[in-house]
Protein chains: 2
Amino acid sequence: MREVAIIGIGINKWGELWEKSLRDIFVEAALKAMDDCKVSKIDGMYIGCMSCGIFTGQEHLASLLPEYLGLGGVPTTRVESACASGGLAFKAGYLDVASGYSDIVLVGGVEKMTDVSGDEATYALSTAADQEWESYNGITFPALYALMARSYMQKYNVSRRQLSLVAVKNHENGSKNPNAQYPFKITAEEVETSVMVADPLRVYDCSPITDGAAALILCPYDMAKKLTDRPIVKIKGVGHATDTVALHSRQDLTTLKATTLAAQRAYKMAGIGPSDIDFAEVHDCFTIAELVVLESLGFFENGHAGMATEAGHTRIEGKLPVNPSGGLKAKGHPVGATGIAQMVEAAEQLRQSAGGRQVKKARRGLTQNMGGTGGSTIVTILEAE
Amino acid sequence: MREVAIIGIGINKWGELWEKSLRDIFVEAALKAMDDCKVSKIDGMYIGCMSCGIFTGQEHLASLLPEYLGLGGVPTTRVESACASGGLAFKAGYLDVASGYSDIVLVGGVEKMTDVSGDEATYALSTAADQEWESYNGITFPALYALMARSYMQKYNVSRRQLSLVAVKNHENGSKNPNAQYPFKITAEEVETSVMVADPLRVYDCSPITDGAAALILCPYDMAKKLTDRPIVKIKGVGHATDTVALHSRQDLTTLKATTLAAQRAYKMAGIGPSDIDFAEVHDCFTIAELVVLESLGFFENGHAGMATEAGHTRIEGKLPVNPSGGLKAKGHPVGATGIAQMVEAAEQLRQSAGGRQVKKARRGLTQNMGGTGGSTIVTILEAE
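Regarding the pattern of salt bridges
For step 1, the next point in the chain: Considering all chains together, one arrives at 50 salt bridges over all chains under this definition.
For step 2, the next point in the chain: Put simply, Lys41(A) and Asp43(A) hold a salt bridge, and the shortest N to O gap is 2.4 Å.
For step 3, the next point in the chain: Exposure remark for Asp43(A): the relative accessible area of 17% places this residue in the buried category.
For step 4, the next point in the chain: In this structure, Arg315(A) engages Glu172(A) in a salt bridge whose closest nitrogen and oxygen atoms are separated by 2.9 Å. With Arg315(A) in the loop between helix H12 (305–310) and helix H13 (327–331) and Glu172(A) in helix H7 (residues 160–174), this residue pair connects regions lying 143 residues apart in the sequence.
For step 5, the next point in the chain: Linked through salt bridges whose partners overlap, the residues forming this network are Arg23(A), Asp130(B) and Glu132(B).

Structure, rendered in C-alpha cells:
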C-alpha cells in the first residue's frame, strides 16, 4: 500500500443555509480544499452523503457534483453509511490512492437537511435504524440514545451533570470555531432546564439538524511535497467495523463494539495505542455518545469518561482534548459531512492553525465517526509530518 | 496494485418478489457467492444500492446486511451511483483488494423496487436525473431516453425495426436464462404494437421494475488457487467516468461520453482494444441505450450498431455477442444489482458454464454499467485464466 497524505482541507460556515442548495454547499467546501493546496487536477472523487434522496429528491451526486465543481468527467463515487457516510467516503478515497489507481483524490461530505420539515427530517434520519424492527414502530434516534444513556447511567452511577458537562465543553470549544452552527457557550443549568426530548436527553444533549459540507484533498505521501507547500498530514491508521443495526440485538448498550474493533485496526496499523493520541474528534451526536465512544476507543475505563469530563481532562487544555472543533453538538451535524469535517479539524490542529481552539503539542490526532447507534464506525489516526 | 480475481458468483431468480424483503434477497445472492467458492471468511463488503431510502425506508445497509448475512462486524460500505451503483460497489471493492488493505471482499448489489406503487417507483428513479432542472419539471427516464432515440434515429436514419431487434435479441437470450424476470421470446411486431410509453419508446423498449440481487467474491489473484478450485476470472481493466447529470447540458445526444472515457481507461489498463473482446454485457435500460453504448465503446462506428443488430452480429452466435444474459430488458433491472449481475454473467461465460446461452470461445468479456442518462459509467474487462 502506498502511504497517503492530506494536502488540502475545506469547510464552510454551517447552519440553516436556506439560500443555498446541496450543490452550492458542496462546491463551496470542495473549492476551498482545492484552493488550500493549489491543486486543480483531480483524478477521482468520493462523496459521503446519507440521504440526499429523501432530503432533496436527488440521488446520483456522483454525476451531479463533479459537473458543478467544473470537474466533468472525473470518476466520482457516492458513499453512504448513515452518519458515517463522510468517514466511509474518506476510506474509499484513501484506498483509491493507496492502491495506486488514482493519485489526487478529493473526498467530501455534504448534507442538505433543512429544506424539509422537522418531521420529515426525523423520518429521513430514522432510515439509519432498523426499518422493520425499530423505525417502523416509531422509535427515533433521541429515543435510542436515551435507552443507551439510561443503561449507562444506571450501570456506572453516572450523574446527569456529567452528561451536561459534555455539552458545556463542546459549546465552549465551538464558541471559538467561526464555522460552527452554534458558536456560543452554554451552562450546565441551561442544559438541564432545556426542553426534554427523550428522557434523560434534553435538547442541549442533542446535536442539531444542519446544512453543510467539508472536503479533503488526498495524494500519495511521496508526491505531497511536490504538489503543495502547505503542511502535510500523514494518514497513519484507518479502521472500520460494523455492529448490529438494531440496538435491541446488542449484548451491552454501554459500549460500542464497532468503535472498539475499528480502533483496534487503526491503532495496529499505526503501531500505537490510545495513550499516544494527543487529541480526538469523536461522534457526539448526543452527549451520552461522547462518553461511551471515549471508553470504547480505550481512552478511559468503562464508566470513567463522565468523571474525566467533570475533571476537565477532555477540555482543550486537558490531558486528552476531545472535540476541539465544538463537536457535532456545537459545530452542527450535516450527517454526510461530519466524518470529513472531523478530519478537517484534525488537520487544522496538526497544522497548528486552529486559532483560539488550538490544542498544544498536537502531533497525533484520532477521529471517530459512526452511523446509527454505532452500527458502522470508522476510526482514523492522523499525524503531523 | 495487486492483481485481483473473481472466485465466487451468486445471483437469485429476479422478479416481483413480494414475499421477500431487501435483506432476504441480498442474503440469498451473497450466500450463493460464498457457497460457490466455499469461502466463509470475508474481510470487507461493498454493496451497491440506488435508492433503498426511498424504496424501502432503509438506509444504512452497511450495518444491516453484514449482520443478516451472519458477518456481523465486517467492515461494509454502501455505494450509490444511480443505476451504476452495483458497478461502482465493485470498483470500490476491487480497489480495497488491489491496495492490500483487504484480502477477501464480497461485492454485491441489491434493489427492492416493487414494495411501492408504480408512481412512487418512477419518482424514486427520477432522483437519478437533475432534480432542479429535469425531474422537478416532470421528465421521466423513458422520456429522456426517447429524446436520445429521436435524435439518434434522425441523425443516422435508423429504423424503428432496428430498435425492436435489440429487444427481440435480448428476450431470445433471456429465454435461456433461468434467473431472468421475463424468460420468454418476443417478436418485432409485438414490440412495435406494445403500449406507447414515450414516443418512440414502447413498453417493450423499456427494462422493467425488478427485485433482485447479485454478488461476487474477490481476492488477490495470487491467493485465488489456494482459496478455491472454481475457475478463476481475472480482472484486467476497470474504467470509470462521469458526464453531466442533465441531458440538456450535453453537446451530442447520440453518444455517451462517460462510456467512451471509462472504456478508454479500461482498454488501456488491459492493454487491448475493442476488437479483442469476445462478448459484452451492456446497460440496455432502453433499446436505444444498447445501440449508443455499443458505439461509444468502440465496437461499431457511430450510427452502425442498428445495422449490426439487424445483421445478427450481436446475437449469441454473432461476431460480438451482446447481453447473452438477456440484458436489463429480459433479465430485469433491480437498479443497484445490475452492474454486479453483468459481471456474474461475464464470469459464467468465462467459466464456460452459461448453458444454453454459452458464447463460443468466450475468453475475454466486457461489462458496461451506467447511471441516469449515462452521467456515470463503469466499464470492466474480465478474462478467463
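Read on, since the account is not over.
Some points on the packing of aromatic side chains
For step 1, the next point in the chain: With the rule as written, the count across this model stands at eight aromatic pairs over all chains.
For step 2, the next point in the chain: Ring geometry for Tyr152(A) and Tyr156(A): centres 5.4 Å apart, planes at 65 degrees, overall edge-to-face. Of this pair, Tyr152(A) and Tyr156(A) are both found in helix H6 (residues 141–156), four residues apart, which corresponds to roughly one turn of the helix.
For step 3, the next point in the chain: Exposure remark for Tyr152(A): the relative accessible area of 0% places this residue in the buried category.
For step 4, the next point in the chain: What makes Tyr156(A) partly exposed here is its relative accessible area of 23%.
For step 5, the next point in the chain: One residue, Arg23(A), lies across the ring of Tyr68(A), its end atom 4.7 Å from the ring centre.
For step 6, the next point in the chain: Here the guanidinium or amino end of Arg265(B) rests over the ring plane of Tyr101(A), the centre of that ring lying 3.9 Å away.

Details of the interface of chain B and chain A
For step 1, the next point in the chain: Taken together, the contact between chain B and chain A spans 64 residues of the former and 64 residues of the latter.
For step 2, the next point in the chain: Joining chain B to chain A, the criterion identifies six salt bridges.
For step 3, the next point in the chain: Residue Asp130(B) is joined to Arg23(A) by a salt bridge in which the shortest nitrogen-to-oxygen separation is 3.0 Å.
For step 4, the next point in the chain: Taken together, the links from chain B to chain A amount to 38 residue pairs in polar contact (both at pLDDT 80 or more).
For step 5, the next point in the chain: Here the side of chain B that touches chain A gets seven residues from one element, more than from any other, and that element is helix H3 (residues 61–68) of chain B.
For step 6, the next point in the chain: Across the side of chain B that touches chain A, the residue classes break down as 27 nonpolar, 26 polar and 11 charged.
For step 7, the next point in the chain: Relative to strand E3 (residues 76–80) of chain B, strand E3 (residues 76–80) of chain A is paired through three bridges, and the arrangement is antiparallel. Its bridge partner being in E3(B), Glu80(A) is matched across the sheet by Arg78(B).

Parameters at a glance
- Within any chain, residue numbers begin from 1 and follow the written order of that chain's sequence.
- Going through the entries in the order they are written, you letter the chains from A and number the ligands from 1.
- Per-residue local features are limited, in this predicted model, to residues with pLDDT of at least 70; the limit for side-chain atom pairs, both in listing and counting, is 80 or more; totals at the level of whole chains, interfaces and linings are taken over all residues.
- Note that the side-chain values use all heavy atoms of the structure and ignore hydrogens as well as water.
- Any carboxyl oxygen of Asp or Glu that lies within 4 Å of a side-chain nitrogen of Lys or Arg is treated as forming a salt bridge with it.
- Residue exposure (1.4 Å probe, protein chains only): buried if accessible area is under 20% of the type maximum, exposed if over 50%, otherwise partly exposed.
- Helix and strand labels come from DSSP, where a helix needs a run of H or I of at least four residues and a strand needs a run of E of at least two; each type is numbered from the N terminus.
- In summary, the pairing rule links any two rings of Phe, Tyr or Trp, Trp by its six-membered ring, whose centres are within 6.5 Å, and it sorts them by plane angle into stacked for under 30 degrees, edge-to-face for over 60 and tilted for everything else.
- Our definition puts a charge over a ring when NZ of Lys or CZ of Arg is within 6 Å of the ring centre and also within 35 degrees of the ring normal.
- Here a residue-residue contact requires only that any non-hydrogen atoms of the pair lie within 4.5 Å.
- A 3.5 Å cut-off defines polar contacts: any pair of N or O atoms within that distance qualifies, except that in protein one atom must be a possible hydrogen donor and the other a possible acceptor, and neighbouring residues in sequence count only when both atoms are side-chain atoms.
- Each residue gets one of three labels, nonpolar for Ala, Val, Leu, Ile, Met, Phe, Trp, Tyr, Cys and Pro, charged for Asp, Glu, Lys and Arg, and polar for the others, Gly among them.
- A pair of strands is considered paired only if DSSP assigns at least 2 bridges between the two.

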